[in-house]
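Here are the chains, one letter per residue:
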Amino acid sequence: MKEELSRLVRIAGEEAVAKLERSKVAVFGLGGVGSAAIEALARSGIGRFLLVDNDRVARSNLNRQIIALQTNLGHLKTQVTKERILSINPDASVETFECFYIPGSESPSLEDCDFVIDAIDTVSGKIRLIEECREKGIDLISSMGTGNKFDPSRLRITALEKTSVCPLCRVMRKEMKQRNIRNVTVLFSDEEPHKPADGSRTPGSFMPVTACAGLMIAGYVLRKLMEEVN
C-alpha cells in the first residue's frame, strides 16, 4: 500500500482503501462544491475520475474554488483539475469531458462509474443526470443550493423528500415527484438564503459553505464505497 494512504489505512483497513483505488467517480460541475469534493477524493486514493464541465477558470472563482489560481485564469477547469489530481496521485486515471450538461447535449458514458457526484447548477442538468443514473443503477449524490448561505453547520445529507427551506430542493422535489423518482440522496442547507447586498440575481458564495459541502459529499461517497467491502 502506498505510504501516501497509510494514515487512511490505519482507520479503514487495506481492503477498503484498495477498493477506493479501483473505484471510478464521475464529478459533474467543477465549481466550489465539485472542486472541494475532488480534492478529498484524490487525497483519499480514488483511482479513476471522470470530470465533466465546459467552463474556464474566472477571476470571480478565486473566492471559493480550490482549483482557481491567478496563474490559471482562462484555462479549462477540466484540465486544471486533472493536473491537480495527478500532482497528488500520478497513478490516477483522469478522463475529461468538456460539455454543458443539459438534455440534448452530448454526454460521456457512465457505464463503468461506481459513483456520480452532481454539482451542476441547472435544474434540467440535474434532472437528466439523476434519471440517467437511475436507469443505469449507478449511485449518485446531488448537491442542492449552497449560494447565498453563510453557515456550514446547516448543511445536511438526506433524501430529497426530507429537505426543507432550500428553494432548489423545492423545485427538485416537484420534478422528481412528477417522474416518480424517490430517495434521491442530496446535500442541502436548511439555512434561509440571504439576499445579495447589491441586489444582483447572481447568487453570492462563501467558501466555508461550498468547501464544506464538497467535503461532506466526498466523505459520503468514500464511506459508501468502503462499506461495500465490510
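Figured I'd write up the structure that's included with this text. The model shown is predicted, which means the values in this text are computed figures rather than measured ones.

Section: the pattern of salt bridges
Pairing is possible between side chains of opposite charge, provided their charged atoms come close.
Item 1. The final tally for this structure, using the stated rule, is 18 salt bridges.
Item 2. Residues Glu-39 and Arg-84 are paired through a salt bridge, measuring 2.6 Å at the closest nitrogen-oxygen approach. Residue Glu-39 is located in helix α3 (residues 32-43), and its partner Arg-84 is located in helix α4 (residues 77-88); the two are separated by 45 residues in the primary sequence.
Item 3. According to the relative accessible area criterion, Arg-84 is partly exposed, its value standing at 29%.
Item 4. A salt bridge links Glu-131 to Arg-179; its shortest N-O distance comes to 3.0 Å. Here Glu-131, found in helix α5 (residues 123-136), pairs with Arg-179, found in the loop between α6 (167-178) and β7 (185-189); they are 48 residues apart in sequence, far enough to count as distant.
Item 5. Via salt bridges that share partners, Lys-24, Arg-48, Glu-95, Asp-112 and Asp-114 belong to a single interconnected network.

A look at the sheet that holds strand β1 (residues 24-28)
Sheets are built from strands that pair by backbone hydrogen bonding, the pairs being arranged parallel or antiparallel.
Item 1. Spatially, the 7 strands line up as an open sheet ordered β3-β2-β1-β4-β5-β7-β6, and their pairing is mixed. The open sheet has two edge strands with one neighbour each: β3 (93-97) and β6 (155-159). Here the strands of the sheet are splayed against their neighbours by 20° on average, with no regard to which way each runs.
Item 2. Strand direction decides the pairing type here: β6 and β7, joined by 5 bridges, are antiparallel. Bridge pairing in β7 links Leu-155 to Ser-189.

So, the nonpolar core
Looking at soluble globular proteins, one finds that nonpolar side chains tend to be buried together.
Item 1. Counting residues in each nonpolar core, the largest one holds 36 residues, and the members touching the most others are Val-25, Leu-41, Ile-46, Phe-49, Ile-85, Ile-117 and Val-221.
Item 2. The set of elements that each furnish at least two residues to this core consists of α1 (6-12), α2 (14-22), β1, α3, β2 (48-52), β4 (115-118) and α7 (207-227).
Item 3. Filtering out sequence-adjacent residues up to four positions away, Val-221 remains in contact with Val-25, Leu-41, Phe-115, Ile-117 and Ile-141.
Item 4. Counting residues in hydrophobic clusters, the runner-up holds 27 residues, among them Cys-113, Ile-127, Leu-160 and Met-172.

Section: the environment of Asp-151
Item 1. Among the secondary structure elements, Asp-151 is positioned in the loop between β5 (139-143) and β6.
Item 2. Measuring from C-alpha to C-alpha, the distance between Asp-151 and Cys-212 comes to 9.9 Å, with 61 residues separating the pair along the chain.
Item 3. One polar contact links Asp-151 to Ser-153, side chain to side chain, over a distance of 2.6 Å.

A closer look at the packing of aromatic side chains
Item 1. One pass over the structure, following the stated rule, counts 3 aromatic pairs.
Item 2. Look at Phe-28 and Tyr-101: their rings are 4.9 Å apart centre to centre, the planes differ by 70°, and that puts the pair in the edge-to-face class. Highlighted residues: Phe-28 in strand β1 and Tyr-101 in the loop between β3 and β4, separated in sequence by 73 residues.
Item 3. Assessed through its relative accessible area of 1%, Phe-28 is described here as buried.
Item 4. Each ring, one from Phe-115 and one from Tyr-220, has its centre 6.3 Å from the other, and the planes form 85°; the classification is edge-to-face.

Description of the state of the cysteines
Item 1. Scanning the model with the defined rule gives 0 disulfides in all.
Item 2. The structure places no disulfide on Cys-169, whose sulfur is separated from the nearest cysteine sulfur, that of Cys-166, by 3.6 Å.
Item 3. Of all cysteine sulfurs in the structure, the one in Cys-166 sits closest to Cys-212, which takes part in no disulfide; the separation is 17 Å.
Item 4. For Cys-212, a relative accessible area of 30% puts it in the partly exposed group.

Here's the deal with α3
Item 1. In this model, α3 (12 residues) spans 17 Å end to end at C-alpha, consistent with the 16 Å of a helix rising 1.5 Å per residue.
Item 2. Along α3, the residues that are buried comprise Gly-32, Val-33, Gly-34, Ser-35, Ala-36, Ala-37, Ile-38, Glu-39, Ala-40, Leu-41 and Ala-42.
Item 3. Contacts made by the buried residues of α3 are with β1, β2, α4, β4, β5 and α7.
Item 4. Looking at the residues trailing α3, positive phi occurs at Gly-45, about 95°.

Brief notes about the environment of Ile-127
Item 1. Tracing the backbone through its elements, the reader meets Ile-127 in helix α5.
Item 2. Among the residues examined, Ile-127 registers a relative accessible area of 7% and is labelled buried.
Item 3. Distance from Ile-127 to Arg-173, taken between C-alpha atoms, is 11 Å for residues 46 residues apart in sequence.
Item 4. Sequence-distant contacts of Ile-127, that is, excluding residues within four places in its chain, are made with Met-172, Glu-175, Met-176 and Arg-179.

Reading guide: rules and limits
- Residues numbered from 1 in each chain as written.
- Predicted model: local features only at pLDDT ≥ 70, side-chain atom pairs only at ≥ 80, totals over all residues.
- Heavy atoms only, no water.
- Salt bridge = Lys/Arg side-chain N within 4 Å of Asp/Glu carboxyl O.
- Helix = DSSP H or I, 4+ residues; strand = E, 2+ residues; numbered from the N terminus.
- Buried < 20%, exposed > 50% of the residue type's maximum accessible area, 1.4 Å probe, protein only.
- Pairing = 2+ DSSP bridges.
- Axes fitted to C-alpha atoms, helices over the stretch in contact; angles between N-to-C directions.
- Core = buried A, V, L, I, M, F, W, Y, C linked by side-chain atoms within 4.5 Å.
- Contact = heavy atoms within 4.5 Å.
- Polar contact = N/O pair within 3.5 Å; in protein donor to acceptor, adjacent residues only side chain to side chain.
- Phe/Tyr/Trp six-rings, centres within 6.5 Å; stacked < 30°, edge-to-face > 60°.
- Disulfide = S-S within 2.5 Å.
- Expected span 1.5 Å × (residues − 1).

Shape is all these values report; function is a separate question.
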